[in-house]
Structure formats: C-alpha cells, structure tokens
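One letter stands for each residue in the lines below.
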Amino acid sequence: MKFLNVDIPIKNLPELDQGFIPLSLFFKHYEAGATKPLCIAVERSGGQIGTYETKIYGTPEMAQADAYYTDRMVKFLLWSWGGFKVIICGDDTVAAAIREAYSETGSRAFDKDFMENVYETQFIVESRPYDEKPAAVQRAESIGRHMDGGRIGFDAGGSDRKVSAVLNGEPIYSEEVVWFPKTISNPDYHFEGIMAALSTAAAKILERGGHVDGIGVSSAGVYIDNKCMVASLFLKVGKEDFDKKVKNIYTRAAQQLSNQLGYPIPVVVANDGDVSALAGAMGLGENGIMGIAMGTSEAVGYVDTDGNICGWLNELAFAPVDAQPDAMQDEWSGDIGCGVKYFSQDSVIKLAPRAGIELKGDSPAEKLKEVQALMAQGDARAKAVYESIGVYLGHTLALYAKFYDIRHVQMMGRVMSGKGGDIIMDVATRVMDEEYPELAFRPEAPDEKTRRVGQSAAAASLPEIK
C-alpha cells in the first residue's frame, strides 16, 4: 500500500482491522529513502538528555511525510523517555511544525500539559542546526534485587492491592485485598488502604523476630524521587487534594510506619511496569527484559541489558503504533492510533462487534469476560479477535525494538489469560517470523519461577539497606 508517498508492503493485516498501517513498517520504509540528517533530543529531569539519530527527506514532495514522521517520532520518544524539552536539530521547518503542535492550542496540547505536570516546568520546543545537537546524557539506575533483611513489598493495582512480607529473601506472607482507588475521590481512602497493608506485613515480620528494614512500592503512574506526579489510581482526586495528600502518599505512609515502630524505614517507589520487568529479570536470571501487561490499559516496563532501570516513563499506552488516518481515538489524550486501543481490554471491546459479537456487559471488565467465555468454548468470532490483537502485537514489538534493546518480552495481564493469550502470542510470533526475522526475541509468558517472584515480592527488593 501507499501512504504519504511511501510504499509500505504489508504481509500480515488483522482480519478485523484491514486498514491497520503498522507504524513499524511506515518508519522502516520511510527511512529507507531519507537522506537529510536529523537529530531529535529530549531533555528530562536531572539534566538527562536522550538523542535519536534519523533522517528525513527535506523535499517539497515529501513535506507531508516529513511532518508526519517527525510528529510520530517525537510523540513516541516523549512517552517512552519522558521530557519537558524537545530539540529538533537539522530542519527548521519540521521544528516549527512540532512547536506548533505542542502549543496550548496545538494538536499535542494534551501531551504538553501532561509533561508539564510530570516535570513541574514549562514544555519547550527548540530548533538548532544539526551540528549543534546536544550530547546524550543518560543515567540508568541499578534498582532492586536486594534480598537482605526484613522487607515489605506493596503493589497498588487498579482493582486490588497486594502486599508481601519478605525476610532474608524468603516470602513469609502475602495478601490480596480488593479496593476501588479509581472511583474514590477522598485520598484518605487510599492512604488508609496503604497503611493497612503495610501494617499487616510489618506485623508478620515482627512476629518472626525480624526488623522492618525497607519498603518497596510498585504503583501505576509516573514517579520521580518517590513522588507521584501522575497516576490513574487517583483519577477522581481533585488537584488540591492530589498536591497535598497524594503526591507524597507513599513517603507519608513510610514515615507513619517509621513513627509507629520507632526507627526510620527507607522507601523506594517505582512504576508498576518497571517492577513487572524487574520480576521477570529476577525470575529468568537475565536482563534486557520488557514486560507488557494488557489489562485496563497497557502497562510497560523495561530492565536494560545491564540489569538497570532507565528512569524512563515507558508509558507506551500513549505512544503511537498505527498510522491509519481513521484509527480509534483515545478518549483521554485525544490522539489516535496509540497503544492503549490495541493492547488492553479496550482492544477486545473495539474488535468484538466487528467479529459479530454483541457485548452486553456494563463495564469493560464484564465485556472482556464475555469474549473470554466465548473463547473458552472455541468460538470462531472470539478467536478472530485474539488473532487480530496478535497481528497488532507482532508488528508493534518490532516498533518497540527500534527504541529498546530487547532480549525477552514477557506478556501479562487479564487480556493475556486463557486460550486467547496463547493465540495472541502464537500469531505475534508468526508475524515476527514472516516480517521481522532479524529480531531474535519473540513474545513469551512468564514462567513459574517468574510468577513465584511476583510483583509485590519484586517490589520488596527495591530499597537498598545501608
């Protein structure tokens, strides 16, 4: 097919979404003919700068393709790395288009506002000559895998909270409690739930004659210096209460437990996607792990090839994966073609009617269960839904491999459970075999050892005891 004057051969298309244009293939075939050097730099907290070297055409007939390519590339890098400043080095025209897009009235106003809230500073787009591009400054952190002493691991999910007590590497207690963080506006509800979990785990450590030496937290959202900058868990909490009671909710909880026990307890808070990847790395005994959880949204984490967490956002639910002009819109960000509509229960709900399935459930979770029940019965319509998601995944893993050095991808989450998850991985593997044979990894499910490590137990390993 042809898109923006770029010929894109596609061997595998989703049965239920024939208009799908994998961004991986658009990037690949666009870049094949581009010759003008361009560097995209993104600055984030602590003076860290990510740089991405690429090329554009810089010709009148390819101006539209240049603008689209740069827009999608900047968007992906921002939601992968995070940042408050974008520096386009090598072309003033595309830089001006990006500056307009990331203005208060531009097409990326949501992204601008989001990054300003995360980094608490103004979002800026600069244009520079290519030979004045900044140098990359990246500081990956060695995090987790500490097993000494008495540790509490807390995992804050959207529908349940889990806590583990770990003593010298041995999980001695764990519990899972249903809660409703996304629908409650009073932040005291969240704080009390967190404190109840921490207190229970602390009591189990003390019963064994142990000492609470550290608290590790795995939580959905963006965390900088243990502060919650943005998180869907606290969706209903107003801004004033968020700033006053949520931003420091985990450090407050650790301080309260410290006061109760009479000694200081360090706390480390990390994004739940990164902790999932850490659990996978601990279970496999390897590095270069990407974890993808397909549930309410798409949660992604990454442990690099040195076993470190990079301090990136990894919010790939809001990074683009599909170039088709009428791709489904994400209600939150207002953008189209982003991962959340392809790798979450939203994708199942989007595709089911196209397969002829009439969904009757009131909530997204109930609608997902309807399709899963049909799949368990071998329904051909449900199979088509999961096969289509598998095609999405195969192409998108190749896209992720442009930006991440991946040795293993571990697939998790409610959408991946049961027969449907097996179909997704089988189809994605076939797509990668046929279209991206140069990539060495294929999607895999966590093995039993990784499952035993668990999210909350991996979280317990986060703090280093001094």
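Residues numbered from 1 in each chain as written. Predicted model: local features only at pLDDT ≥ 70, side-chain atom pairs only at ≥ 80, totals over all residues. Heavy atoms only, no water.

Trainee: Looking at this structure, I do not really get the overall build of the chain. What am I missing?
Mentor: Regarding its fold elements, the chain presents 14 helices and 19 strands. At 22 Å, the chain has a C-alpha radius of gyration in line with the 23 Å of a compact globule built from 466 residues. Classification of the 466 residues of the chain by burial places 59% in the buried group. Put simply, the chain shows about 18,600 Å² of open surface, and 49% of that area lies on carbon and sulfur atoms. Taking the average location of the 47 positive side-chain charges in the chain and that of its 65 negative ones, the two points are 2 Å from each other. (Helix = DSSP H or I, 4+ residues; strand = E, 2+ residues; numbered from the N terminus. Rg over C-alpha atoms; globule rule 2.2 N^0.38 Å. Buried < 20%, exposed > 50% of the residue type's maximum accessible area, 1.4 Å probe, protein only. Areas by Shrake-Rupley, 256 points an atom, 1.4 Å probe, with all protein chains shown as cover. Lys, Arg positive; Asp, Glu negative; His and termini not counted. Charge placed at Lys NZ, Arg CZ, Asp CG, Glu CD.)

Trainee: Could you clarify how one ought to interpret the pattern of salt bridges in this entry?
Mentor: Opposite charge on two side chains permits them to pair, given that their charged atoms come into close proximity. Tallying each qualifying case throughout the model produces 29 salt bridges. For Asp-379, the salt bridge is made with Arg-381, and the minimal N-O distance between the two is 3.0 Å. Looking at Arg-381, the relative accessible area reads 33%, which means it is partly exposed. Connected through shared salt-bridge partners, Asp-71, Arg-72, Lys-75, Arg-108, Asp-111 and Asp-335 make up one network. (Salt bridge = Lys/Arg side-chain N within 4 Å of Asp/Glu carboxyl O.)

Trainee: What's the story with the side chain of Asp-304 in this structure? I'm lost.
Mentor: Among the secondary structure elements, Asp-304 is positioned in the loop between β16 (298-303) and β17 (308-309). There is a polar contact of 2.8 Å between the side chain of Asp-304 and the backbone nitrogen of Asn-308. Apart from residues no more than four positions distant in its own chain, Asp-304 is found in contact with Ala-140, Asn-287, Gly-288 and Cys-310. (Polar contact = N/O pair within 3.5 Å; in protein donor to acceptor, adjacent residues only side chain to side chain. Contact = heavy atoms within 4.5 Å.)

Trainee: Would you explain the layout of surface pockets in this entry?
Mentor: Once rolled over the atoms, a probe with the size of a water molecule shows which space is left empty. Taken as a whole, the second largest pocket spans an internal volume of roughly 720 Å³. Considering the residues around the second largest pocket, the lining is formed by 32 residues, among which Glu-141, Tyr-223, Ile-224, Asp-225 and Gly-311 are closest to the centre. Contributions of two or more residues to the lining of the second largest pocket are made by β7 (141-142), β12 (222-224) and β14 (267-271). Among the elements that line the lining of the second largest pocket, the one with the most residues is β14, at four residues. (1 Å grid on protein atoms, 1.4 Å probe; cavity = no way out; pocket = protein on both sides within 12 Å on 5 of 7 lines; lining within 4 Å. Points joined across faces, edges and corners; volume = space filled by probe spheres on them.)

Trainee: In this structure, what is going on with the nonpolar core? I would like to understand it.
Mentor: If you look at soluble globular proteins, the nonpolar side chains tend to sit buried side by side. If you look at the biggest cluster of nonpolar residues, it comprises 107 residues, and the most contacted ones within it are Phe-26, Met-290 and Tyr-400. Ranked by residues supplied to this core, first place goes to helix α11 (residues 380-400) with 12 residues. Setting aside residues no more than four positions away along its own chain, Tyr-400 makes contact with Phe-76, Met-290, Ile-292, Glu-298, Leu-316, Val-321, Phe-343 and Ile-406. (Core = buried A, V, L, I, M, F, W, Y, C linked by side-chain atoms within 4.5 Å.)

Trainee: How should the sheet that holds strand β6 (residues 124-128) be read in this particular structure?
Mentor: Across a sheet, strands are paired by hydrogen bonds formed along the backbone, either parallel or antiparallel in direction. An order of β4-β3-β5-β6 is seen for the four strands of this open sheet, with the pairing classed as mixed. The open sheet terminates on both sides in strands that have one partner only, identified here as β4 (49-56) and β6. Mean inter-strand twist for the sheet, computed between neighbouring axes without regard to direction, equals 20°. Two elements, strand β3 (residues 36-43) and strand β5 (residues 85-89), share five bridges in a ladder whose sense is antiparallel. Looking at β5, one finds that Glu-43 is bridged to Lys-85. Of the strands in this sheet, β3, β4 and β5 are in contact with helix α2 (residues 63-81), which crosses β4 at around 160°. (Pairing = 2+ DSSP bridges. Axes fitted to C-alpha atoms, helices over the stretch in contact; angles between N-to-C directions.)

Trainee: Could you clarify how one ought to interpret the packing of helix α1 (residues 23-33) against α2 in this entry?
Mentor: The axes of two packed helices give the description: the angle between them and the distance between them. Direction vectors running N to C along α1 and α2 enclose 130°, while the axes themselves pass 11 Å from each other. Relative to α2, the element α1 lies oblique. Helix-helix and strand crossings are classified by hand; for α1 and α2 the assignment is left-handed. Contact with α1, carried on its side by Leu-23, Phe-26, Phe-27, Tyr-30 and Glu-31, involves Ala-65, Asp-66, Tyr-68, Tyr-69, Arg-72 and Met-73 of α2 and no other residues of that element. Grouping the constituent residues of the contact of α1 with α2 by class yields eight nonpolar, no polar and three charged. (Parallel < 35°, antiparallel > 145°, perpendicular 65-115°, else oblique. Left-handed = near helix turned anticlockwise from the far one by under 90°. Nonpolar A, V, L, I, M, F, W, Y, C, P; charged D, E, K, R; others polar.)

Trainee: Help me out: how do you make sense of helix α5 (residues 187-207) in this one?
Mentor: Structurally, the α-helix is built with 3.6 residues per turn, so residues lying three or four positions apart point the same way. Under the 1.5 Å per step criterion, the end-to-end length of α5 is 30 Å for 21 residues, consistent within 8% with the ideal 30 Å. Turning to α5, its buried residues are Pro-187, His-190, Phe-191, Gly-193, Ile-194, Met-195, Ala-197, Leu-198, Ala-201, Ala-202 and Ile-205. Lining the buried residues of α5 we find β8 (150-156), β9 (160-167), β10 (170-178), β11 (212-219), α6 (239-246) and α7 (249-261). Taking the backbone nitrogen of Asp-188 as reference, a side-chain oxygen 3.0 Å away marks Asn-186 as the first, capping residue of α5. At the exit of α5 stands Gly-209, carrying a positive phi of roughly 80°. (Expected span 1.5 Å × (residues − 1).)

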